[in-house]
Amino acid sequence: PLPTTSRPTNKPTTSQPSSSPTPNNPYFFGEEFVTVPELGIEMSAGLKVKLIARTGRKVQYANGDESDRSWHTNSDAAGIIPLDDGGYVYMSNSEAENGGVYGLYFNSEGEITEYKALLTGTTDNCGGGLTPWGTWVSCEEESDVGQCWQVSPDGRAEETVLGGDGGNFESVAVDDRIYDAPVFYTTEDEEDGALRRFVASQHGWNALHSEGEHSFLHLLDDGTFEWTLV
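It should be emphasised that the depicted structure is a prediction, and the values quoted were computed from it without experimental measurement. (Residues numbered from 1 in each chain as written. Predicted model: local features only at pLDDT ≥ 70, side-chain atom pairs only at ≥ 80, totals over all residues. Heavy atoms only, no water.)

(A) Molecular detail of the overall build of the chain. Along the backbone of the chain there are 0 helices and 17 strands. Across the 230 residues in the chain, those meeting the buried criterion constitute 38%. A separation of at least 24 residues holds for 39% of the contacts in the chain among residues at least 6 apart in sequence. (Helix = DSSP H or I, 4+ residues; strand = E, 2+ residues; numbered from the N terminus. Buried < 20%, exposed > 50% of the residue type's maximum accessible area, 1.4 Å probe, protein only. Contact = heavy atoms within 4.5 Å.)

So this is what it looks like as structure tokens:
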């Protein structure tokens, strides 16, 4: 069923959890692996790998220059966003005390052109998720005070409404089948952490910085579930 923008109630919204959708092109690791001695890793046969950065070392650019800063520590979740010029940016979290989000930029030929900080002043940026409008949501896994930040490839960054009063956040997923009412789901890295749902009231950057409908998943003893306001 399609998501709705009606206000959550205390009644179960479905009799049983729905099954997960099957990817159109699922990838399986397979059973045949090859070793890459120079990198000290194994990978599935048929794939290719290229070293692009090392923690604590500056990034080498295609034109022979190098980055001003070294690659960040504790690299964690990341997302790839296409750019208008045909290139793309690899946006990577840093799950460190002085974490943040960093962008590694590629041109249309897949060559590295730039590496820079996009979000600083945050802590333990762990998981996250991509938005339908080409931004990255970075989640702080920081006790009860972590937040979820929206970050764009051009360095615009702002705290979102997904985190509420704070939490130990992990990842974000979005259902955008209704254009002007995308539904965001946010998880916490806690054994009893809440699964939050936010139904936005618009599409685009401001969707995550404006009013919408917040609710929480409540699992019932009979195997059904409901979305509640608390």
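(B) Spotlight on the nonpolar core. Counting 12 residues, the largest nonpolar core consists of Trp133, Val137, Cys139, Cys148, Leu162, Phe169, Val172, Phe184, Phe198, Ala200, Ala207 and Leu208. Secondary structure elements with two or more residues in this core: strand 10 (136-146) and strand 13 (167-175). Discounting chain neighbours no more than four positions away, the residues touching Ala200 are Asp180, Ala181, Pro182 and Ala207. Counting residues in hydrophobic clusters, the runner-up holds 10 residues, among them Ile81, Met91, Val101 and Leu119. (Core = buried A, V, L, I, M, F, W, Y, C linked by side-chain atoms within 4.5 Å.)

(C) Structural detail: the sheet that holds strand 8 (residues 112-119). Spatial ordering of the open sheet is given by 5-6-7-8, a layout of 4 strands whose pairing is antiparallel. Among the strands making up the open sheet, the edge pair consists of strand 5 (75-82) and strand 8. Sheet twist, expressed as the mean angle between neighbouring strand axes with direction ignored, is 20 degrees. As judged from the 6 bridges shared by strand 7 (residues 100-106) and strand 8, these two strands associate in the antiparallel manner. Its bridge partner lying in strand 8, Phe106 is registered against Ile112. (Pairing = 2+ DSSP bridges. Axes fitted to C-alpha atoms, helices over the stretch in contact; angles between N-to-C directions.)

This is a description of form; function is not addressed.
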